[in-house]
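So you can see what is in the structure, the chains are spelled out below.
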Amino acid sequence: MLEPLRQGLPPIDPSAIAGSASCTLPARFEAVGGARRFTRTTMTSWDLGDRFDDVALVVSELVTNALRHALPAEAARENQDSCVRLHLMRWTSRLVCAVRDPSRRGPVVGEAPDSAESGRGLFLVESFSDSWGWHPSPVPAGDTASEGGLGKVVWALFRLTDHAAPERPVPFGALTDGL
């Protein structure tokens, strides 16, 4: 499921990661603004402020989808502790934004009528990132998942430069083992 992370790019060595940051988001729609602020702060510290607009739009859509479709309605209203996490990972030649949520249902790209006010989020993610995808969250070693599992991770990849230094190979799947 993560094969698009490799398309057209050299393999990644997880030890070559240049930066990583994550935050837990509350189960409220106001968390989308917090996710954008976290993204701005992180990208500025990585000297990637020039890519902020595209990345922030994608982060907003991924977080909104997690809050809207992955959390039970009761949890969004009553539970202040969310199982939604935003992860940003940077390598020399790419940036990955990943949102983990408790639902194992995969995201569905919809076709919204021109007059609709919503329904285009994944189309925007696809348009502004270089690739995107999702996979079930991995179960930590020695842990047993509940019947519903541990949820999923929805990710978007951004190429940072066309002339990056080569990165060492990484085993398939090592990109998101810690998510």
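Each value, and the rule that gives it
- Residues numbered from 1 in each chain as written.
- Predicted model: local features only at pLDDT ≥ 70, side-chain atom pairs only at ≥ 80, totals over all residues.
- Heavy atoms only, no water.
- Helix = DSSP H or I, 4+ residues; strand = E, 2+ residues; numbered from the N terminus.
- Buried < 20%, exposed > 50% of the residue type's maximum accessible area, 1.4 Å probe, protein only.
- Contact = heavy atoms within 4.5 Å.
- Areas by Shrake-Rupley, 256 points an atom, 1.4 Å probe, with all protein chains shown as cover.
- Arc of directions from axis to C-beta.
- pLDDT = per-residue confidence, 0-100.
- Axes fitted to C-alpha atoms, helices over the stretch in contact; angles between N-to-C directions.
- Parallel < 35°, antiparallel > 145°, perpendicular 65-115°, else oblique.
- Left-handed = near helix turned anticlockwise from the far one by under 90°.
- Expected span 1.5 Å × (residues − 1).
- Pairing = 2+ DSSP bridges.

A word on the overall build of the protein chain. What the protein chain contains, in helices and strands, is 4 helices and 5 strands. Listing the helices and strands of the protein chain from first to last along the sequence gives β-α-α-α-β-β-α-β-β. For the protein chain, with 179 residues in total, the buried portion stands at 43%. Across the protein chain, the fraction of contacts at a sequence separation of at least 24, relative to all contacts at a separation of at least 6, is 76%. Summed over its atoms, the accessible surface of the protein chain is roughly 9,700 Å², and 51% of this surface lies on carbon and sulfur atoms.

Let us look at helix H4 (residues 121-128). Listed in full, the buried residues belonging to H4 are Gly-121, Leu-122 and Val-125. Around the axis of H4, the buried residues are gathered within 95° of arc, so they sit on the same side. Here the buried face of H4 lies against helix H2 (52-70), strand S4 (131-136) and strand S5 (152-159).

Our next topic: the confidence of the model for the protein chain. For residues with low pLDDT, the predicted coordinates do not support detailed interpretation. On average, residues of the protein chain carry a pLDDT of 76, and 62% of them reach 70 or more. Per-element mean pLDDT across the protein chain ranges from 51 in helix H3 (residues 73-78) up to 96 in helix H1 (residues 31-45). Every residue in residues 141-148 is under pLDDT 50, and counting partners more than four places away or in other chains gives 3 contacts. Segment residues 163-173: pLDDT under 50, and 29 contacts once partners within four positions in sequence are set aside and those in other chains are kept.

As a further point, take the environment of Ser-93. Within the element layout of this structure, Ser-93 appears in the loop between strand S2 (84-90) and strand S3 (94-101). Ser-93 sits 68 residues away from Thr-161 along the chain, and the two C-alpha atoms are 5.4 Å apart.

This next bit is on unusual backbone geometry. Note on backbone geometry: most residues besides glycine have negative phi, and most peptide bonds are trans. Phi angles above zero are rare outside glycine, and Asp-47 is one such case at about 60°. Positionally, Asp-47 belongs in the loop between H1 and H2. The class for Asp-47 is exposed, based on a relative accessible area of 66%.

For the rest of this paragraph, the subject is the packing of H2 against H4. Remark: H2 packs on H4, axes separated minimally by 9 Å, with the N-to-C direction vectors making an angle of 150°. If you check the angle between H2 and H4, you find them roughly antiparallel. As for how H2 packs across H4, the hand of that crossing is left-handed. For the pair H2 and H4, the contacting residues are Asp-54, Leu-57, Val-58, Glu-61, Leu-62 and Asn-65 in the first and Gly-121, Leu-122, Leu-124, Val-125 and Phe-128 in the second.

What follows deals with H2. A rise of 1.5 Å per residue sets the reference length of H2, with its 19 residues, at 27 Å; its end C-alpha atoms lie 25 Å apart and thus fit the reference within 8%. Within H2, 14 of the 19 residues are buried, which leaves it mostly tucked inside the rest of the structure.

Let us look at the sheet that holds strand S1 (residues 19-25). Sheet architecture is open: 5 strands sit in the order S1-S2-S3-S5-S4, paired in antiparallel fashion. The sheet is open, and its two edges are formed by S1 and S4, each paired on a single side. Between one strand axis and the next, the sheet turns through 15° on average, direction left out of account. Sheet analysis places S3 next to S5, joined by 8 bridges and oriented antiparallel. Each residue of the ladder has a partner; that of Ala-98, found in S5, is Trp-155.

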